[in-house]
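Residue-level structural notes
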Amino acid sequence: PLDSTKLRKGSIDLKMPSNLTGDLYQLKCTFKKGGLSTDFFIYITRPVQVTISGNTVINNGGQTALILRTDNVVPERIFYELSDGTKGSFLGGSEHYLTVNPDKTTTYTLSSVSNSCGAGTTAGSATVEVNPPAARTVNVTSYGSASLGLCVGDSILVYYAQTGSFTAGNIM
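Residues numbered from 1 in each chain as written. Predicted model: local features only at pLDDT ≥ 70, side-chain atom pairs only at ≥ 80, totals over all residues. Heavy atoms only, no water.

What to know about the pairing of strand 2 (residues 36-44)
Operational definition: Two strands pair if DSSP finds at least two bridges between them. Helical segments are the DSSP runs of H or I of at least four residues, strand segments are the runs of E of at least two, and each set is numbered from the N terminus.
Examined bridge by bridge, strand 1 (residues 23-31) and strand 2 share nine bridges and lie antiparallel to one another. Looking across to strand 2, one finds that Gln26 is bridged to Phe41. Hairpin connection between strand 1 and strand 2: a loop of four residues separates the two successive antiparallel strands, and Gly35 in this loop has a positive phi of roughly 70°.

Take a look at the structure:
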């Protein structure tokens, strides 16, 4: 038990244990003499840790997505700042894909992260290598599937555009 009171009405200030992980918890309130109880679910969070990843190579003028992943299952607003000064937020509890389009090779790290509990911790890095401008390029413009979503065993349609001329020996 977290605490108890003998007051019939009012409120009680319950101190949450500091060793809890951020998760969904059940709080059970019991009135022993009356045989009554009520349960409700609450999210209890803690300072978040966010990891950045997504090493890749893109063509000059292209874009890619970095992955921000939290260690917390609580769906709460996470605020971040990247090493290049980009600021934003996303809903925690899942991965977040952040589109970037650097004009030169860049290594991204997280300068800071925070949630409702204050400053969190950061981990990882993502290097986006940018190919120099070229006379001939092939870029993926979009992708999708014939079904409403991408399912296991589906085929994926990849749309691309080329610039410059390719010889007959070049196979795409």
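So, next bit.
Thoughts on the nonpolar core
In plain terms, the rule: Residues enter a nonpolar core if they are buried and are Ala, Val, Leu, Ile, Met, Phe, Trp, Tyr or Cys, with the set joined through side-chain atoms within 4.5 Å. Summary of the burial criterion: residues with accessible area below 20% of their type's maximum are buried, those above 50% are exposed, and those between are partly exposed, where the area comes from a 1.4 Å probe applied to protein chains only. Contact definition: two residues touch when any of their heavy atoms are within 4.5 Å.
Membership of the largest hydrophobic core comes to 18 residues, with the highest contact counts inside it found for Val50, Ile52, Tyr80 and Leu110. Among the secondary structure elements, those contributing two or more residues to this core are strand 3 (49-53), strand 5 (64-70), strand 6 (77-82), strand 8 (96-100), strand 10 (110-115) and strand 13 (126-130). Discounting chain neighbours no more than four positions away, the residues touching Ile52 are Leu66, Ile67, Leu68, Leu82, Tyr108, Thr109, Leu110, Ala123, Gly124, Ser125 and Ala126.

Observations concerning the environment of Thr21
By the element assignment, Thr21 lies in the segment before strand 1. Its relative accessible area of 45% is what places Thr21 among the partly exposed residues. When sequence neighbours within four positions are dropped, the list of residues in contact with Thr21 reads Ile44 and Arg46.

What to know about the layout of surface pockets
We apply this condition: Only protein atoms enter the 1 Å grid used here, on which a cavity is any set of points holding a 1.4 Å probe that cannot leave and a pocket is any open set flanked by protein within 12 Å on both sides along at least five of seven lines; residues with an atom within 4 Å of a point are listed as lining. Grid points are joined across faces, edges and corners, and a volume is the space filled by probe spheres set on the points. Under the scheme applied, nonpolar residues are Ala, Val, Leu, Ile, Met, Phe, Trp, Tyr, Cys and Pro; charged residues are Asp, Glu, Lys and Arg; polar residues are all the others, including Gly.
Estimated volume of the largest pocket: approximately 1,000 Å³. Lining the largest pocket are 22 residues; nearest its centre among them are Asp3, Ser4, Thr5, Thr30 and Phe31. Secondary structure elements with two or more residues in the lining of the largest pocket: strand 1 and strand 2. Ranked by residue count, the leading element in the lining of the largest pocket is strand 1, at five residues. In this structure, the second largest pocket spans a volume of roughly 270 Å³. What lines the second largest pocket is simply Ile58, Asn59, Gly61, Gly62, Gln63, Asn139, Val140, Thr141, Ser142 and Tyr143. Here the lining of the second largest pocket takes five residues from strand 14 (residues 137-144), the largest share from any one element. Here the residues of the lining of the second largest pocket sort into three nonpolar, seven polar and no charged.

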